[in-house]
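Here is how the chains run, residue by residue.
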Amino acid sequence: MGRLTFTTAGESHGRGLVAVVEGLPAGLPLGAEAVDRELARRMQGYGRGARMKIEQDRIEWLAGVRAGETLGSPVAMLIRNLDWANWEDVMAPEGVPGEPRRRRVARPRPGHADLAGVLKYGRQDARDVLERASARETAARVAAGAVARRLLEEVGVEIGSHVVALGGVRAAEPAEWPAPLNAAADASPVRVLDRAAEAEMMARIDAAKAAGDTLGGEVEVVARGLPVGLGSHVSWDRKLDGRLAAALMSIPAVKGVAVGLGFEAAARPGSAVHDPILPGGAGDATRGGYRRAANRAGGLEAGMTNGEPLVLRVAMKPIATLMQPLPTVHLDTGEAAQAQSERSDVTAVPAMGVIAEAMTALVLADALLEKCGGDSLEEMKRNLAGYLAALAARQPDRPTVR
Ligand code: EPS
C-alpha cells in the first residue's frame, strides 16, 4: 500500500489493541459508532468460543479526529481487552517480581505460529509468539478497515461479504446479491444467504465441537460502486489484484484468494472466461459509459477495476487449536506429546468475512486516494468528479477526448 497505510499493535491477552491509520484526508466525518458497528459484526458467528462472551469490542479515539471529523493526521484507536483483567499476571509487561512466567506453552500446536515462532525468535515459551499470532489482532484491522470504509462510502462504494462454504457444506449461489449485502448476511448466525445450507453448516459446527475439532470455509467479498481505473497495469506492485491478494492472504488462517472465476478460469476456454463489452447507458458513469455481458473477471482486468462489482473469494483453513489435540513434541524434553489445547473457537469463518471486508476496504481506499488523492475529503471528491466527467465527455457520441 502506498498512500493509505495502517499498522496495529497488541497481544491477545494484553492490555489492548491499537490501530493507526495514516494518509486519510481531512474532513471525513467519523464517529465511533461506525467503527464499533464493524467490531460488533466481527465478534458474531456461530462456532465462536467463550472469549467472545468476555469481550465487548469498542474503540477509544487516541488521535486524528476532532469534532467528528478527521484532521488529516494519523488516526489512532484503542480497543481494550476486557480479558486483560484475567491475564494481568501472565501478560504483565514487567513481569511479577520473584515469580516465574505463568501459563507457559511448551507443546506447540501444528498449524499455529508456535513452533516456527519460538525457533525464529529464540523463545522458550510459545506464548511469546502466539499472543501476537492470535486472530485477536484482527479486531484492530477491522477498526482500521471501518475508517477506510467510511471514506469509500463517501463516494458510493459498498463492501459486503457472505459465507459460501463452511465445514465442507457449500451454499447455493444467489441469483443476485441482496442490497445491502451485509444486512442479509448478518441476519444469519453463519453469515450465509442460503438458509438450507445454514442449518447444515450449524450442524457441522456442533459435530466438530463435540469431536474437539475445528472447521474452515470460504467467503465471498463484494464491493459495488467502484469507479473504473483504480489500481494500474504499469508495474507489478501497483496491480490491484496483487495488492488485494496480499492483504487478504495476511489474515490469519487464510490459505487462498481468488478473483472472479479464480481457479475455474484456468479450466475454461477464453470465450467462456472473458466478459464481452457492451455500450452502457445512463447510470453507468462509474463504469466509464460501458458495461459487461457478465462479470467473470470479478471487476478486475490487468490489475485495474473495470467498473463492475469487485468479487473476491477467500478460503480459510480450520483453526489450529484443537480440543482433541494433534501429536507434537515437547520443547524441553523433545519427547512426543499432545499439542497444547487452549480455549478457542470451533470456526471463525463468519468473522473472517468481516475481516476480509476490512482488508479489502483498506486496499480500495488506498487505491482511491492514489487515483483521486487530496488533502481534504472535498478535494478528493472534486478530483473524482473531474475524472468521471472526463470519462463521460469521451463517450462515442461526444468524441472530444482521445
Ligand atoms: C484465538 C484464540 C481465542 C479466540 C481468539 C483467537 O482466544 P482465547 O485464547 O482468548 O480464547 O477467541 O480470537 C479473539 C480473541 C478475537 O477477538 O477474535 C487464537 O489463538 O488465534
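To start, this report covers the structure provided alongside it. (Residues numbered from 1 in each chain as written. Predicted model: local features only at pLDDT ≥ 70, side-chain atom pairs only at ≥ 80, totals over all residues. Heavy atoms only, no water.)

### A short note on the nonpolar core
Buried together is how nonpolar side chains tend to be arranged in soluble globular proteins. The line we're drawing: For the purposes of this section, nonpolar cores are sets of buried Ala, Val, Leu, Ile, Met, Phe, Trp, Tyr and Cys residues that join through side-chain atoms within 4.5 Å. In this scheme, a residue with accessible area under 20% of its type's maximum is buried, one over 50% is exposed, and one in between is partly exposed, where area comes from a 1.4 Å probe on protein chains only. Under the DSSP-based scheme used, a helix requires at least four consecutive residues in state H or I and a strand at least two consecutive residues in state E, with every element numbered from the N terminus. Note on contacts: a residue pair qualifies if any of its non-hydrogen atoms lie within 4.5 Å across the two residues.
If you look at the biggest cluster of nonpolar residues, it comprises 80 residues, and the most contacted ones within it are Met 77 and Met 201. A total of 16 residues in this core trace back to one element, the largest contributor, which is helix α10 (residues 349–372). In this structure, Met 201 is in contact with Val 163, Val 164, Ala 165, Leu 166, Val 169, Ala 171, Val 190 and Val 192, ignoring residues within four places of it in sequence. Residues Val 105, Val 118, Val 129 and Leu 130 belong to the second largest nonpolar core, which totals 5 residues.

### A short note on the site of the ligand
In plain terms, the rule: If a single non-hydrogen atom of a residue is within 4 Å of a molecule or strand, that residue counts as near it. The term polar contact refers here to a pair of N or O atoms within 3.5 Å; inside protein, the definition further demands a hydrogen-donor-capable atom paired with an acceptor-capable atom, and it admits residues adjacent in sequence only when both atoms are side-chain atoms. The Shrake-Rupley method, run with a 1.4 Å probe, gives the accessible areas here. Residue values count only the displayed protein chains as cover.
Taken together, His 13, Arg 42, Arg 48, Arg 51, Met 52, His 112, Ser 134, Ala 135, Arg 136, Arg 343, Ser 344 and Asp 345 form the complete shell of residues around the ligand. Contact distances for the ligand include 2.6 Å between an oxygen atom and a side-chain N or O atom of Arg 42. Within the side chain of Arg 343, a nitrogen or oxygen atom sits 2.7 Å from an oxygen atom of the ligand. Notes on the ligand: free accessible area 470 Å², of which the protein chains cover 93%.

### Section: the pattern of salt bridges
Close approach of charged atoms lets side chains of opposite charge pair. The cut-off we apply is this: Think of a salt bridge as a Lys or Arg side-chain nitrogen and an Asp or Glu carboxyl oxygen that are within 4 Å of each other.
What the rule picks out here adds up to 43 salt bridges. Between Arg 343 and Asp 83 there is a salt bridge, with its nearest N and O atoms 2.8 Å apart. Here the residue Arg 343 occupies a position in the loop between β17 (336–338) and α10, and Asp 83 occupies one in the loop between β6 (75–80) and α3 (84–91), the gap between them amounting to 260 residues. Here Arg 343 falls in the partly exposed class, since its relative accessible area comes to 39%. Here Lys 381 makes a salt bridge to Glu 154, at a shortest N to O gap of 2.8 Å. Of the two residues, Lys 381 sits in helix α11 (residues 377–393) while Glu 154 sits in the loop between α6 (138–153) and β7 (158–166), which places them 227 residues apart along the sequence. The exposure class assigned to Lys 381 is partly exposed, which follows from its relative accessible area of 26%. Judged by relative accessible area, Glu 154 falls into the partly exposed class, the value being 23%. When salt bridges with common partners are traced through the structure, they connect Arg 42, Arg 51, Glu 55, Asp 57, Asp 83, Arg 136 and Arg 343 into a single cluster.

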